[in-house]
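# Structure at a glance
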Amino acid sequence: QWAATSIPTRRPSRHGYDFPNGKIIVLTEGKSDTRIITAALRAFYPEYADAYQFLDFEEFKIEGGASLLARMIKVLSGARVQNRMLALFDNDAAGAEAYRSLAGVRFLRNVRLMLLPDTKLAANYPTLGPAGLHCMNVNGAGAPIELYMGRSSLEGPDGKLRPVRWNQWMESIERYQGVIQEKETVSRSFEAALDDTPEALRRRFPEMDLLLHAIFSAFEDHQPPIL
């Protein structure tokens, strides 16, 4: 598994977000990831939302995808963008492949690369493939943004978790790519649940809280990029 940065157990301090170089730019694989993370950040930690800036995929008709994110962070780094930039890859096979493709690139100190963090939920999650339905660890192979939206969002009409479906073999990393069916249904369920207090949301959606803390901690070590 390609580890990201360590996850803090504390909330970030306001002092830590008085950045001399402006907002941290968060780059994701696409508009859905950006929409969900932005909404969660404003609902879970509204006091820190203004410290981050997200790419506007819809306004400028920007294509998404893990490989495109890898190219984007290289282009922006080559343009010597001064803001701190975090490239956030899904914790699935496509994300891991794109993340690994950047291993030989020497980024400046203002760049971080990160996979969505491993979760306990994804460590034993139902999957559907040629051999039928089985529970297994999908961290690093089939944990896209939907797996951070909580059990309640992932449950189908029958009350069971929607399985990760294996659909493509990624030769370079020797893993199958897993996807969640009915992504929009999962997203709508999560977004509808955000009308609650920040404290309640952090308790109800621990996977998303873990993801947000991973973002908060990305630049805490003041070290060069992790690759």
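Let me begin by describing the structure that accompanies this report. (Residues numbered from 1 in each chain as written. Predicted model: local features only at pLDDT ≥ 70, side-chain atom pairs only at ≥ 80, totals over all residues. Heavy atoms only, no water.)

On to the side chain of Arg162, then. Structurally, Arg162 is set in the loop between helix 5 (151–154) and strand 9 (164–170). Take Arg162: its relative accessible area is 8%, and that puts it in the buried class. Here the side chain of Arg162 touches Glu182 through a polar contact of 3.2 Å, side chain to side chain. Once residues within four sequence positions are removed from consideration, Arg162 is found in contact with Tyr125, Ser153, Leu154, Glu155, Gly156, Pro157, Ile180, Gln181, Glu182, Thr185 and Val186. (Helix = DSSP H or I, 4+ residues; strand = E, 2+ residues; numbered from the N terminus. Buried < 20%, exposed > 50% of the residue type's maximum accessible area, 1.4 Å probe, protein only. Polar contact = N/O pair within 3.5 Å; in protein donor to acceptor, adjacent residues only side chain to side chain. Contact = heavy atoms within 4.5 Å.)

As a further point, take the sheet that holds strand 10 (residues 175–180). Spatially, the four strands line up as an open sheet ordered 7-6-9-10, and their pairing is mixed. Looking at the sheet topology across the chains shown, the edges are occupied by strand 7 (132–136) and strand 10. Pairs of neighbouring strands in the sheet enclose a mean axial angle of 45°, with direction left out of account. Sheet topology places strand 6 (residues 125–129) next to strand 7; five bridges connect them, and they run antiparallel. The residue of strand 7 that forms the bridge with Tyr125 is Met136. Those strands touched by helix 3 (residues 93–101) are strand 9 and strand 10, and its axis lies near 125° from that of strand 10. (Pairing = 2+ DSSP bridges. Axes fitted to C-alpha atoms, helices over the stretch in contact; angles between N-to-C directions.)

You can see Thr127 is positioned in strand 6. Given a relative accessible area of 2%, Thr127 falls into the buried group. When neighbours within four sequence positions are excluded, Thr127 is seen to be in contact with Gly132, Leu133, His134, Met136, Val138, Pro163, Val164 and Trp166.

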